[in-house]
Each structure stands twice: as C-alpha cells, then as structure tokens.
Amino acid sequence: MIGARIRELRTVRGLTLAQLAAEAGVSSGLISQVERDLADPSLETLRKIAKVLDLPLFSLFQEPDAATVAVVRREGRMLVRSPAGGITYTRVSPGRGRLEVLEGHLLPGGSSATQPWSHPSEECVLVLRGRLVVEVSGAEHVLEAGDSCSFDSSLPHRYLNTGEEPVDFLIVATPPSY
C-alpha cells in the first residue's frame, strides 16, 4: 500500500527512483524495495521520503478518495513503528485536511527521534498515561498524565521517555507536516 503511494507521488513529481533516493539520502535499492512492498521502511526513512516529496509524513498513507465525514476505527488506524526509538504512532485523524491527530506510545528509554528535528507546523501534545519529556530547542519540559504542551514545530524537538513505564500521548499538528 505505502509503496504504491510513494511510487505514485514520485512519478507525479517527475522524480526518478534514483533522484528520490539521492535526495532522501537512501539507496535506490531501498526505494525500489519499498515501492514494490518488499521492504518496510523505518520511520526515519519515511520522514526523509516525505520531506523530498514535500508532504506530511502521514499523507504517504492517505486514501485517494476523501469522504465528507471520516470515521477512523481503532482497528483501522494507520500504524508507524520505529524499531530504534521504541515509539509507535497511530493516526487518529483521517490523514487529510489541515489537522493531524496522532496517538503515540513510547517505551521506557525510548525517543521519537535520535536527534531533535523540525517541521513547519504548530504542535500540541497531551500526555494520557505516564511521564513524557518534551525537548524543544534543547530545553526539557516534563509532562505528567493530563499535562499538555504547545510549541512551534519549526523549532528542533523530540519526545523522550526517561522513566520506567510506557507513555501514551496525543499529538495534534496543524498544518499536517509530521
């Protein structure tokens, strides 16, 4: 599913497989395998591909037909997993429009990215369970269940779980550029 979407977006933008790979900093072989659904790309690879395609990350999973009212069932949510960071995201919103809602689950010792990164949005995070450290421009903000934090996502940021229990949280970003 994601492979066909990446191929479609790459083709519409007039990029060759080699051009997409070079601009994303990954191998042509990996892009080829992803497009043929022979490999599952990491969260970092998907971020790089989405950046080259000038799209929000989760738009790579978007359905082509958009209904007026979209219902996203729990069992039908799009899941993105990062094996290195111990984090998973499911898309709560339908993946179109001006708003992106994600549910995150971060394992103890995990992080959303190895290094803080930025994207052109405004972001709000709400901790549902556990303790989350929100790092923005090098400053750490500790949030407990029920706490929230809003910031300009163009500032380098990431989420960390420095505790011993998993953390569940919601992220709302506008416009979608995650």
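Here the structure is a predicted model, which is why all the values come from computation and not from measurement.

Can you walk me through the pairing of strand 3 (residues 100–106) in this structure?
Side-chain direction in a regular strand flips from residue to residue, so the side chains alternate between the two faces of the sheet. Among the 7 residues that make up strand 3, 6 are buried, leaving the element largely enclosed by the rest of the structure. Summarising the sheet, strand 3 and strand 9 (residues 167–174) pair through 7 bridges and their orientation is antiparallel. Across the sheet, Glu-103 pairs through a bridge with Leu-170, a residue of strand 9.

Before we go on, may I ask you to explain the pattern of salt bridges in this structure?
In a structure, side chains of opposite charge can pair up when their charged atoms sit close to one another. Counted according to the given criterion, the structure contains 8 salt bridges. For the salt bridge of Glu-35 with Arg-10, the shortest nitrogen-to-oxygen distance reads 2.6 Å. Here the residue Glu-35 occupies a position in helix 3 (residues 28–35), and Arg-10 occupies one in helix 1 (residues 2–12), the gap between them amounting to 25 residues. What makes Glu-35 buried here is its relative accessible area of 4%. Owing to a relative accessible area of 11%, Arg-10 belongs among the buried residues under this scheme. Notably, a salt bridge pairs Arg-77 with Glu-103, separated by 2.4 Å at the nearest N-O pair.

Explain helix 4 (residues 43–52) here, please?
In an α-helix, one turn spans 3.6 residues; hence positions three or four apart end up facing the same way. Among the 10 residues of helix 4, 7 are classified as buried, and the element is accordingly described as predominantly covered. Those residues of helix 4 not exposed but buried are Leu-43, Thr-45, Leu-46, Arg-47, Ile-49, Ala-50 and Val-52. The inward-facing, buried residues of helix 4 contact helix 1, helix 2 (17–24), helix 3, strand 1 (79–82) and strand 2 (87–91). Two residues or fewer past helix 4, Asp-54 is found with a positive phi of approximately 60°.

I keep staring at the nonpolar core and nothing clicks. Help me out?
Where a protein is soluble and globular, its nonpolar side chains tend to be buried together. Leu-60, Tyr-89, Val-125, Leu-132, Val-134, Tyr-159 and Phe-169 are the most contacted members of the largest nonpolar core, which has 39 residues in total. A total of 5 residues in this core trace back to one element, the largest contributor, which is helix 4. Among residues more than four places away in sequence, those in contact with Val-134 are Val-125, Ala-139, Glu-140, His-141, Leu-143, Cys-149, Phe-151, Arg-158 and Tyr-159.

What is the right way to read the sheet that holds strand 9 from this model?
Sheet strands associate in pairs through backbone hydrogen bonding, adopting either a parallel or an antiparallel arrangement. Read from one edge to the other, the open sheet built from 6 strands follows the order 1-2-3-9-4-7, with strand pairing classed as antiparallel. Because the sheet does not close on itself, it has two edges, and the strands there are strand 1 and strand 7 (148–152). Mean inter-strand twist for the sheet, computed between neighbouring axes without regard to direction, equals 20°. Sheet topology note: the strand 4 (residues 122–129)/strand 7 ladder contains 5 bridges and is antiparallel. Paired with Glu-122 across the bridge in strand 7 is Asp-152. The strands touched by helix 4 are strand 1 and strand 2; relative to strand 1, the strand with the most contacts, the crossing angle is about 115°.

How should I be thinking about the packing of helix 2 against helix 4 in this particular structure?
Axis separation between helix 2 and helix 4 bottoms out at 9 Å; the angle between their running directions is 115°. Taken together, the axes of helix 2 and helix 4 are roughly perpendicular relative to one another. Both helix 2 and helix 4 take part in a crossing whose hand is right-handed. When helix 2 is examined against helix 4, the residues Leu-20, Glu-23 and Ala-24 are found in contact with a partner set consisting of Lys-48, Ile-49 and Val-52. By residue class, the composition of the contact of helix 2 with helix 4 is 4 nonpolar, no polar and 2 charged.

What counts and how
Residues numbered from 1 in each chain as written. Predicted model: local features only at pLDDT ≥ 70, side-chain atom pairs only at ≥ 80, totals over all residues. Heavy atoms only, no water. Buried < 20%, exposed > 50% of the residue type's maximum accessible area, 1.4 Å probe, protein only. Helix = DSSP H or I, 4+ residues; strand = E, 2+ residues; numbered from the N terminus. Pairing = 2+ DSSP bridges. Salt bridge = Lys/Arg side-chain N within 4 Å of Asp/Glu carboxyl O. Contact = heavy atoms within 4.5 Å. Core = buried A, V, L, I, M, F, W, Y, C linked by side-chain atoms within 4.5 Å. Axes fitted to C-alpha atoms, helices over the stretch in contact; angles between N-to-C directions. Parallel < 35°, antiparallel > 145°, perpendicular 65-115°, else oblique. Left-handed = near helix turned anticlockwise from the far one by under 90°. Nonpolar A, V, L, I, M, F, W, Y, C, P; charged D, E, K, R; others polar.

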